[in-house]
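Here are the chains, one letter per residue:
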Amino acid sequence: MSRIGRLPIPVPAGVTVTVAEDNTVTVKGPKGELSQKVNKDIKVEQVGAEVLVTRPSDSKPHRSMHGLYRSLINNMVVGVTKGFEKVMVIEGVGYKAAAENNGDSLNLALGYSHPINVAAPANIKFETPAPTRIVVKGIDKQAVGAISADIRALRKPEPYHGKGIHYENEVVRRKEGKAGKK
């Protein structure tokens, strides 16, 4: 059995999980609603306050899908109850960020000749507790990670001075500059 796939998914109070005929799992909670289409071979069923994901055989495709769909459904349950967030740090002289339109867009000054505006996808909000910190919040873990990666790609951290956008716990390897004459 898959170590991840065999674990039951606890469903907290206030969250409803429904499985449609076409194997689409829908999770509704206090923060919103998410749905995920599951492969027809993987069986998803709710037993009491838990959701169980089972596979029909030990073939390689079934084993790989077993843990995948269990993790996706668990992320949906966590997303509609607690939500997900990524914290990003901006380093560099004059680099700054500002959330606009109640968190629906982000205005970035990253050393280019123009400001960069990033629009938030559905169910995503931006916060800027400080001009050099960006917090991306949402209920969909994949969407939060994708928009965070897009923002980071606007000005990746460079290894000589460390300027750019990086995740809060990311370690940016620094290189030594050119050696001078002796």
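In this numbering scheme, every chain counts its residues from 1 along its sequence in written order. Totals for whole chains, interfaces and linings use all residues, but because this is a predicted model, local features are given only for residues with pLDDT of at least 70 and pairs of side-chain atoms are given and counted only at 80 or more. Each side-chain value is worked out from all heavy atoms of the structure, with water and hydrogens disregarded.

### What about the nonpolar core?
One broad trend across soluble globular proteins is that nonpolar side chains are buried collectively.
Now for step 1: Within this scheme, the nonpolar core is defined by two criteria: the residues are buried Ala, Val, Leu, Ile, Met, Phe, Trp, Tyr or Cys, and they are joined through side-chain atoms within 4.5 Å. Buried residues are those whose accessible area, probed at 1.4 Å on protein chains only, stays under 20% of the maximum for their type, while exposed residues exceed 50% and partly exposed ones sit between those limits. Core analysis: the largest hydrophobic core is formed by 20 residues, its most contacted members being V17, V25, V27, V38, V44 and I73.
Now for step 2: Elements are defined by DSSP. Helices are runs of H or I of four residues or more, strands are runs of E of two residues or more, and each kind is numbered from the N terminus. Elements that contribute at least two residues to this core include exactly β3 (24–29), β6 (50–54) and α1 (60–81).
Now for step 3: When neighbours within four sequence positions are excluded, V38 is seen to be in contact with D22, N23, V25, V44, Y69 and I73.
Now for step 4: By size, the runner-up hydrophobic cluster in this structure holds 19 residues, among which are F84, L108, I116 and I124. The contact criterion used throughout is that any non-hydrogen atoms of two residues lie within 4.5 Å.

### As for the pattern of salt bridges
Now for step 1: For this analysis, a salt bridge means a side-chain nitrogen from Lys or Arg found within 4 Å of a carboxyl oxygen belonging to Asp or Glu. Per the counting criterion, the structure on display carries eight salt bridges.
Now for step 2: With a closest N to O distance of 3.8 Å, D41 and K40 form a salt bridge.
Now for step 3: Overall, D41 belongs to the partly exposed group, its relative accessible area being 32%.
Now for step 4: For K40, a relative accessible area of 72% corresponds to the exposed category.
Now for step 5: Here K43 ties to E45 by a salt bridge, and the two come within 3.8 Å at their closest N and O atoms.
Now for step 6: The partly exposed category is assigned to K43, whose relative accessible area is 47%.
Now for step 7: On the basis of relative accessible area, E45 is assigned to the partly exposed category, the value being 30%.
Now for step 8: The network of salt bridges with common partners includes E85, E127 and K137.

Keep in mind these values describe shape, not function.
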